[in-house]
Amino acid sequence: MKKGEEQERSLFGVALTIRPKWQQFLICSSGFFFGYLINGICEEYVYNRLQFSYGWYFTFIQGFVYLALIRLNGFDTKQMVNPWNTYVKLSAVLMGSHGLTKGSLAFLNYPAQIMFKSTKVLPVMIMGAFIPGLRRKYPPHEYISATLLVVGLIIFTLADAQTSPNFSIIGVVMITGALIMDSFLGNLQEAIFTMSPETTQMEMLFCSTIVGLPMLIPPMVLTGELFRAWKSCYQHPYVYGVLVFEAMATFVGQVSVLSLIALFGAATTAMVTTARKAVTLLLSYLLFTKPLTEQHASGLLLISMGIALKLLPDSKPQKRVLVSTPLPEFTKPAAEGNAGGANTEDDEERRPLV
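Reading the values: rules and limits
- Residues numbered from 1 in each chain as written.
- Predicted model: local features only at pLDDT ≥ 70, side-chain atom pairs only at ≥ 80, totals over all residues.
- Heavy atoms only, no water.
- Helix = DSSP H or I, 4+ residues; strand = E, 2+ residues; numbered from the N terminus.
- Buried < 20%, exposed > 50% of the residue type's maximum accessible area, 1.4 Å probe, protein only.
- Lys, Arg positive; Asp, Glu negative; His and termini not counted.
- Salt bridge = Lys/Arg side-chain N within 4 Å of Asp/Glu carboxyl O.
- Contact = heavy atoms within 4.5 Å.
- Expected span 1.5 Å × (residues − 1).
- Arc of directions from axis to C-beta.
- Phe/Tyr/Trp six-rings, centres within 6.5 Å; stacked < 30°, edge-to-face > 60°.
- Lys NZ or Arg CZ within 6 Å of the ring centre and 35° of its normal.

1. Here we look at the side chain of E203
In this fold, E203 is placed in helix 8 (residues 201-223). Although E203 lies buried, it forms no salt bridge, and the closest oppositely charged side chain, R9, sits 8.6 Å away as judged by the N-O distance. Ignoring any residue separated from it by four or fewer positions in sequence, one finds E203 in contact with F75, Q79, M80, V81, N82 and Y87.

Here it is in structure tokens:
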């Protein structure tokens, strides 16, 4: 593929790159919202109605469903373009984030968890500036947009909280570690797509899953969850049917998220995933006719302002056109006298992630 050409991407047979950007965004976001809406319904049934809180075990089962679905989509390891050690690091970050988030639940109450989880988009944007091969810099209005979205979501979700946020030092350290790993995760995925444009969403999901599955076994065994979950699911075998259905829906959501990262970047994707929480909560109020208070309205207003600010057209491309005119005169002598320095800087940006 020549430099400057956009890698062709599709989502379950629907071509994306031949479509306008707004259609790409709409298709990927719709797949994500659909997948995780079903995921939320299934989790509500399994975790709350059945009282089965076996996160590690359910993730383990979900991984095998992913592998089967990826295989059905025609992916083979011969199509891989990245080395396995790239995905070892990626899976380690993914499992670390999952473990710290799960562990923090024992030390933080629900309002505190919501406050931390809602801020995910901000560390993702900050971390993008430090990832080799990415070095993303965002305009000020995008930081303002993300902040409005985060604050609005916190206000909206805490409107129903029966208790105030309870901050335990251990819990704060754990959830902060999970947020840092989440910020690495999205940006690492974007960097892989950027530096190896031939990487497909199926390769990313397949390799992350197959490398991450063995990492789930030690915590399952050490906590005894493996044996408790096996016994509970043996007594209620229909739970496996719910888990498989949930994994199939989540698979659609995961591939859609990876498509968003490849096409729009980690920060935009983090904003979409953050906005999903607000949409889900708003739907629950509309469907179940819960009363909306002034605090809900304030939160929705801030969320709407954040989304509207994000949708504003970026003036950067116009600035690039204006600056590009004198470049040939300025760069000629530099190319003759300091070619080595330029190559070194270019190599620094292109160096492998691993």
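And the narrative resumes.
2. Some words on helix 12 (residues 294-310)
For helix 12, with 17 residues, the first-to-last C-alpha span of 24 Å sits near the 24 Å given by 1.5 Å per residue. Listed in full, the buried residues belonging to helix 12 are H296, G299, I303, G306 and L309. For helix 12, the angular spread of buried residues about the axis comes to 165°, placing them on one side. For helix 12, the exposed residues set more than 90 degrees away from the buried face come down to E294 and L301.

3. Topic: the packing of aromatic side chains
A full pass over the atoms with the stated rule returns eight aromatic pairs. Ring centres of F12 and F251 lie 5.9 Å apart, and the angle between their planes is 55°; this geometry places the pair in the tilted category. In this pair, F12 is assigned in the loop between strand 1 (10-11) and strand 2 (14-15) and F251 in helix 10 (residues 238-264), connecting sequence segments 239 residues apart. For F12, a relative accessible area of 36% gives the class partly exposed. Since its relative accessible area comes to 3%, F251 is described here as buried. With centroids separated by 5.5 Å and ring planes inclined at 85°, the aromatic side chains of F25 and F264 adopt a geometry described as edge-to-face. Of this pair, F25 sits in helix 1 (residues 21-49) while F264 is found in helix 10, placing the two residues 239 residues apart along the sequence. Classification of F25 by relative accessible area gives partly exposed; the value is 30%. Among the aromatic residues, those joined into a cluster by ring pairs are F12, Y66 and F251. In this structure, K21 packs its charged tip against the face of F264, placed 5.2 Å from the ring centre.

On their own, these measurements won't tell you what the molecule is for.
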